[in-house]
Amino acid sequence: MSEIKQNKLKLYDSLSREKRVFEPLKSPHVGLYVCGPTVYGDAHLGHARPGIAFDIVFRYLKHLGYKVRYVRNITDVGHLENDADHGEDKIAKKARLEELEPMEIAQFYTDRYMDSMDALNVQRPSIQPRASGHIIEQMEMVSKILDSGYAYESKGSVYFDVKKYNEKHNYGKLSGRNIEDVRENTRSLDGQDEKRDGVDFAIWKNASPEHIMRWNSPWGSGFPGWHMECSAMSSKYLGNEFDIHGGGMDLKFPHHESEIAQSVAANCCEPAKYWMHNNMVTIDGQKMGKSLNNFITLDEFFSGNHNFLEQAYEPMTIRFFILQAHYRSTVDFSNEALIAASKGYDKLMKAAETLAELKSSDKSDYDVKAWANKCYAAMDDDFNTPILIAHLFDVVKAINSIKVGKMSITADDLELLKAQFNIFVFEILGFKASEKSNNSANMSGSLIDMLLKMRHQAKMNKDWATADDIRNQLTDLGVAIKDTKDGAEWEL
RNA sequence: GGUCUCGUGGCCGAGCGGCUAGGCUGGGCUCUGCAAAAGCUCCCACAGCGGUUCGAAUCCGCUCGAGACCUCCA
């Protein structure tokens, strides 16, 4: 039996709209389901948000000792287009344009998505199920809902009967709206005349002739409704009731709202004990998204190849930037903010190196335990990473002070500090030092050390011209020289 | 139009009844042959107007402004 760390983790539950103490249904096991990407385009900064936010949830829960099964789906089928492409699958549409197999497109962008997430040091979920691989499960769930009487068949499609559901249950409880408001504001969609009520939504959709992705079903040739995949796959891998369901705020309605209704109708219970929603990334104060066409892809950030970008940004800068804001707040993108994040991140990483070489003495001026407790308190308070990062910079100051000799630390405290610092920075926040150390780097390191010796000799002789010449030339090559009391240090 | 969020210093962003985070930027000082780095330090903000309170950025009301969802969206 594994030990769960003593903690008072609270998380904000979107359904009850309050912070609740986290208590898993079947401790030490935790089931976490997050809505993943629709793979018909490159991942942009907006996709990094839930990727990183729930990576933190995943990492922290594991750190606390829970056995977490993290499921994040890949949507490669099912989302309807509006406008000119009534009823045509988004992926199928793209496929037609590029004359590729739909699955080829899906695979291509799935791989690209994974690459981007890997670059951001987002840990891979335990399971990444594809919607197209779970058509049978989805059909089974549609049947169950029909059996329970909360759906009806109409012209080869199956619709969820919201009105009937709402008689006994509350459709709208998650997104905070009532069925009348929804009805009034529903615009006319394809297939509206097939529905008994405008608020009803398709759980199985009849495929029009030009629709490429289609499967035979008891109701005819078609494809699953928009929200079925998450309901079917979450219950398959995590059970009818699991702990946490996450996703972007923009999915609350209608996606998550409908998921709840489907699960109640099919399985007689609500799927998740806690609902978590990350907020949006904005650009010029507006949501960055596909529909507004104002997005910048992660690859573009990494390469700097975009008009908005003044420079390229390291993946870890993006990660740091996102974690400096709380996941439930919007973050506004700007070059200025990213450059600031980049500098702050470098400072943190330098401190990590300094810490590794720190020397202890016989007394401590820094209360390491109190510091660590504050860090845990920040994480326990709904994963408050900005506060955690603020505490990290507090200890960075202490680390630098100890190095300069203005503060001191005992061997025991130093050991604890190293352990906890690494836990918070690398294990929980998931940062990683940039990989500079390889053979050629070692070689150039030796060469730089040699040049520094020559410079030291020149300095002894008060030959400032030579000393400065060596330093300036190294600086031009991108090697920064820092003179300290113990001799010169350098970094790339 | 409906539902709901949010408006914090030069910028980004926490806090959500008192002790006024943190990062970036800018000024000063220490160290140093100079520089860089680091340390110390300064710049004490909470959209506006009322109200509650001994006390409000934090609670309530109104006004103004921004945004999200209501359609695929992370």
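The shown structure was predicted, so the numbers you read here are calculated from the model rather than taken from an experiment.

S.K.: Looking at this structure, how should I read the sheet that holds strand β6 (residues 157-160)?
M.R.: Pairing between the strands of a sheet comes from backbone hydrogen bonds, and it takes one of two forms, parallel or antiparallel. An order of β5-β6-β7-β8 is seen for the 4 strands of this open sheet, with the pairing classed as antiparallel. The sheet is open, and its two borders are formed by β5 (151-154) and β8 (222-224), each paired with just one other strand. When the angles between neighbouring strand axes are averaged without regard to direction, this sheet yields 20 degrees. Two elements, β5 and β6, share 4 bridges in a ladder whose sense is antiparallel. Paired with Tyr152 across the two strands is Tyr159, which belongs to β6. Most of the contacts of helix α4 (residues 135-148) go to strand β7 (residues 201-206), to which it runs at about 125 degrees, and overall it touches β5, β6, β7 and β8.

S.K.: Could you clarify how one ought to interpret the confidence of the model for chain A in this entry?
M.R.: The predicted coordinates should not be examined in detail at positions where pLDDT is low. The predicted model of chain A has a mean per-residue pLDDT of 89, with 93% of residues at 70 or higher. In this model residues 80-86 is a low-confidence stretch, pLDDT under 50, and it forms 14 contacts with partners more than four residues away in sequence or in other chains.

S.K.: Even after reading the chapter, I still don't get the environment of Gln420, so can you show me in this structure?
M.R.: Its location among the elements puts Gln420 in helix α14 (residues 411-428). Separated by 271 residues in the primary sequence, Gln420 and Gly149 have C-alpha atoms spaced 55 Å apart. Excluding its chain neighbours within four sequence positions, the residues that come into contact with Gln420 are Trp371, Ala372 and Tyr376.

S.K.: Help me understand the sheet that holds strand β12 (residues 286-287), please; the structure alone is not making it clear to me.
M.R.: The sheet built from 3 strands is open, its strands ordered β12-β11-β13 with mixed pairing. The sheet terminates laterally at β12 and β13 (331-333), the two strands that pair on one side only. Note: strand β11 (residues 281-283) against β13, 3 bridges, orientation parallel. Looking at β13, one finds that Ile283 is bridged to Phe333.

S.K.: What is the right way to read the pairing of β7 from this model?
M.R.: The side chains of a regular strand alternate between the sheet's two faces. Of all the 6 residues making up β7, 5 are buried; the element is thus mostly covered by neighbouring parts of the structure. By the bridge criterion, 3 bridges tie β6 to β7 in an arrangement that is antiparallel. Across the sheet, Tyr159 pairs through a bridge with Ala202, a residue of β7.

How each quantity is defined
- Residues numbered from 1 in each chain as written.
- Chains lettered and ligands numbered in written order.
- Predicted model: local features only at pLDDT ≥ 70, side-chain atom pairs only at ≥ 80, totals over all residues.
- Heavy atoms only, no water.
- Pairing = 2+ DSSP bridges.
- Helix = DSSP H or I, 4+ residues; strand = E, 2+ residues; numbered from the N terminus.
- Axes fitted to C-alpha atoms, helices over the stretch in contact; angles between N-to-C directions.
- Contact = heavy atoms within 4.5 Å.
- pLDDT = per-residue confidence, 0-100.
- Buried < 20%, exposed > 50% of the residue type's maximum accessible area, 1.4 Å probe, protein only.

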